[in-house]
Structure formats: C-alpha cells, structure tokens
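Listed here are the chains, written in short residue letters.
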Amino acid sequence: MEEELKKLREENETLRRLNATKSDWISIAAHQLRTSLAAIKWILKMFLDKDFGAVNTEQEGFLKKAFESTERMTSLVNEMLSLNHTEDATLNFTYTQNDIVELVESTIFDFTGESHSKGIEIVFLKPTEKIAPAQFDVEKIRVVLQNLIENALKYSDHDDKIFISVRINDSKEIEVSVKDTGIGIPPTEKEQIFNKLFRASNAKQRDEIGSGLGLYVTKYIVEKHGGRMWFESEERVGTTFFFTIPLRQ
Ligand code: ADP
C-alpha cells in the first residue's frame, strides 16, 4: 500500500512536470507567433498606407482582408497565452445578432490559400432556407469554425474534399457540421479527443505540428454559448464534427 502510494505520487509529479513543460513550450511558441504577426501586420499596414506607391481597389481589398486576419490571429494568440497559464481562465464573450451563413462564408474565404496549396476543396452546402440572425459571439464562433476547418485540412490528403453545412435542427438550434474524408480517430482514443493537450496516436504519427488545444478551446466556446459539440469518426474513412448554437429569444 505504502509502496503503491509512493509510486502514484511520483507518477503524478512526473505528469505535473510534463504539463508545465508543455505550458512553457506553448508560451514560447505563442510569443514568437505574436512577434512574427506584428511584423506581418506592420508590412501590410505600410502597403495599405501606400508607403510603397498606389494600389488598385482589388489589391487594397485583399490587403485589408490580410490585415484583418492578422489582427484576429493576434487576439487569438493573446487568448491562447492567457488560457495557457490559468486553468480556470475565462474568455470574455460579447453576444450580438449575427448571420451564421455569412460567418461560415467569410471563414472559408480565409482558408482559400491554404486549401488551394493543399489541393483540398472546401465545399459549403448552403442551407436552402434562410437562417435568421442569431445571438452569438461572432469572433469566438469564428475561432470554432477555424479550428474545425484547420483540423479537417490538417488530417486530410491532397484531392480530398471538406463539406460544411448549416441547418436548423429539430430542437430549433443552429447546427453546423464540418466533414472530412481524412485519417479519422482511432476508436480507443475517441473519449479523450476533447481533453486539453490530447493528440491521437495517428495524428502524432503524421508528424503534423499540433498543440492539442484547439478542440479543448472549441468545446469550451460552444458550451459557453449553451451549445453542444460531438463528432462521428471512422479510422481511415473520415470525421465529422458537429456543434450547435441555441437560438435565443
Ligand atoms: P491539434 O493541434 O493536435 O490538431 P486539436 O485539439 O485541434 O489539436 O485536436 C485534438 C486531436 O483530435 C488531434 O490531435 C487529432 O488526434 C484529433 N482530431 C481533431 N480533428 C480531427 C480530424 N478532423 N480528423 C482526425 N483527427 C482529428
């Protein structure tokens, strides 16, 4: 008994140290990201301010989109830093009336370059009926969509397709799904998928860079909205992630 307790304590201590190392690593990566982002933002700003000469309207439009994307990334990195260090960190939520279809379209647009370079098509199966504006924190739900699309891209192969759909389900909630035909999730690891820092063995094997934080934050955001999150997956066949946002009166 005494011996077992000692072993447990030692194992616990090892885990605590490993976790601290991971946290430190995330902090370093996040700080480096923030510095790089600041540099990109500064260069884009110079182009937008016409410091290098005139830009046409189309170029200006794309530069603005790139600039806004870097701003969003910076705030994300800042949130990642704060979430990393306090276990019970709370993100600030601002609920306003928003159009989910518009948000999905603009998020897909942000992935145009990445999906093109990976040879993966993102298909939006637009709802046939009009979906009325709903109350949600638009930037947080954008993070949710970004994480799901990013994962679908990361765990799929060249020539695969990603299907995104939006509907109002029978419980009168907005239900969004992101479906891929990628590597899938091994059955024995499914239960841990939303755990902080967890990465499945087949994902690690692919040697893709990942933190195991994305889905943890994603689920947190969805649940803060009073929604639910789940997935269906078969190894080597594909994965579909779903989330809901209740319609508030
Ligand atoms: P990561 O940075 O590792 O992608 P996430 O928290 O976003 O972290 O995801 C956690 C784990 O869930 C991933 O490491 C992977 O094992 C699994 N996963 C998430 N999305 C997918 C997907 N679309 N297909 C297969 N596995 C996925």
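One can find the structure itself at the top, above this paragraph.
Residues numbered from 1 in each chain as written. Predicted model: local features only at pLDDT ≥ 70, side-chain atom pairs only at ≥ 80, totals over all residues. Heavy atoms only, no water.

## Focus: the overall build of the chain
At step 1: A tally of regular secondary structure across the chain gives seven helices and seven strands.
At step 2: In the chain, the succession of helices and strands from N to C terminus is α-α-β-α-α-β-β-α-β-β-α-α-β-β.
At step 3: In terms of its C-alpha atoms, the chain occupies a principal-axis envelope of roughly 75 × 50 × 40 Å.
At step 4: Pairs at least 24 apart in sequence give 69% of the contacts found in the chain among residues at least 6 apart.
At step 5: On the chain, roughly 15000 Å² of surface is accessible, and the fraction owed to carbon and sulfur atoms is 54%.
At step 6: Positive and negative side-chain charges in the chain, numbering 33 and 41 respectively, have mean positions lying 2 Å apart. (Helix = DSSP H or I, 4+ residues; strand = E, 2+ residues; numbered from the N terminus. Contact = heavy atoms within 4.5 Å. Areas by Shrake-Rupley, 256 points an atom, 1.4 Å probe, with all protein chains shown as cover. Lys, Arg positive; Asp, Glu negative; His and termini not counted. Charge placed at Lys NZ, Arg CZ, Asp CG, Glu CD.)

## A word on the site of the ligand
At step 1: With respect to spatial proximity, 21 residues lie near the ligand, and among them Asn-151, Asp-180, Arg-199, Ser-211 and Leu-215 are the closest.
At step 2: At 2.9 Å, a side-chain N or O of Tyr-155 approaches an oxygen atom of the ligand.
At step 3: A distance of 2.6 Å separates an oxygen atom of the ligand from a polar side-chain atom of Arg-199.
At step 4: About the coverage of the ligand: the protein hides 98% of its 530 Å² of free accessible area.
At step 5: Contributing elements (two or more residues each) for the shell around the ligand: α5 (138-154), α7 (214-224) and β7 (238-246).
At step 6: Among the elements that make up the shell around the ligand, the one with the highest residue count is α5 (three residues).
At step 7: Looking at the shell around the ligand residue by residue, the class counts come to 11 nonpolar, seven polar and three charged. (Near = heavy atom within 4 Å. Polar contact = N/O pair within 3.5 Å; in protein donor to acceptor, adjacent residues only side chain to side chain. Nonpolar A, V, L, I, M, F, W, Y, C, P; charged D, E, K, R; others polar.)

## Looking at the pattern of salt bridges
At step 1: Throughout the structure, instances matching the rule amount to 15 salt bridges.
At step 2: Across the salt bridge formed by Glu-13 and Arg-16, the nearest N and O atoms sit 3.2 Å from each other. Residue Glu-13 and its partner Arg-16 are both found in helix α1 (residues 2-48); the two are separated by three residues, about one turn of the helix.
At step 3: Using a relative accessible area of 34% as the deciding quantity, one classes Glu-13 as partly exposed.
At step 4: Between Asp-110 and Arg-72 there is a salt bridge; the shortest N-O distance is 2.6 Å. Of the two residues, Asp-110 sits in helix α3 (residues 100-110) while Arg-72 sits in helix α2 (residues 57-85), which places them 38 residues apart along the sequence. (Salt bridge = Lys/Arg side-chain N within 4 Å of Asp/Glu carboxyl O. Buried < 20%, exposed > 50% of the residue type's maximum accessible area, 1.4 Å probe, protein only.)

## Looking at the packing of aromatic side chains
At step 1: Counted by the stated rule, this structure contains seven aromatic pairs.
At step 2: Ring geometry for Phe-231 versus Phe-241: centroids 5.3 Å apart, planes at 40 degrees, classification tilted. In this pair, Phe-231 is assigned in strand β6 (residues 229-234) and Phe-241 in strand β7, connecting sequence segments 10 residues apart.
At step 3: Given a relative accessible area of 15%, Phe-231 falls into the buried group.
At step 4: Every member of this aromatic cluster is reached through a ring pair, and the members are Phe-194, Phe-231 and Phe-241.
At step 5: When the ring centre of Phe-93 is taken as origin, the NZ or CZ atom of Lys-140, which lies over that ring, is 5.3 Å away.
At step 6: One Lys or Arg, Lys-219, reaches over the ring of Phe-194 and ends 5.5 Å from the middle of that ring. (Phe/Tyr/Trp six-rings, centres within 6.5 Å; stacked < 30°, edge-to-face > 60°. Lys NZ or Arg CZ within 6 Å of the ring centre and 35° of its normal.)

## Observations concerning the pairing of strand β4 (residues 161-168)
Successive residues of a regular strand alternate their side chains across the two faces of the sheet.
At step 1: Looking at chain direction, strand β2 (residues 121-125) and β4 are connected through five bridges and run parallel. Residue Val-123 lies in a different strand from β4, and its bridge partner there is Phe-163.
At step 2: With six bridges connecting them, β4 and strand β5 (residues 173-180) associate as antiparallel partners. Of the residues in β5, the one forming a bridge with Phe-163 is Lys-179. (Pairing = 2+ DSSP bridges.)

## Considering a nonpolar patch on the surface
At step 1: On the surface, a nonpolar cluster with roughly 440 Å² of combined accessible area is contributed by Trp-42, Ile-43, Phe-47 and Phe-52.
At step 2: In this fold, Trp-42 is placed in helix α1.
At step 3: A relative accessible area of 56% means that Trp-42 is categorised as exposed. (Patch = residues over 30% accessible without salt bridge, like charges linked within 9 Å, V, L, I, M, F, W, Y side chains within 5 Å.)

## Thoughts on the sheet that holds β4
At step 1: The strand order β2-β4-β5-β7-β6 describes an open sheet built from five strands, whose pairing is mixed. Each of the sheet's edge strands pairs with one partner strand only, and the pair in question is β2 and β6. Neighbour-to-neighbour, the strand axes of the sheet open up by a mean angle of 15 degrees, direction not taken into account.
At step 2: Seen against the sheet, α3 touches β2, β4, β5 and β7 and runs at an angle of roughly 170 degrees to β2. (Axes fitted to C-alpha atoms, helices over the stretch in contact; angles between N-to-C directions.)

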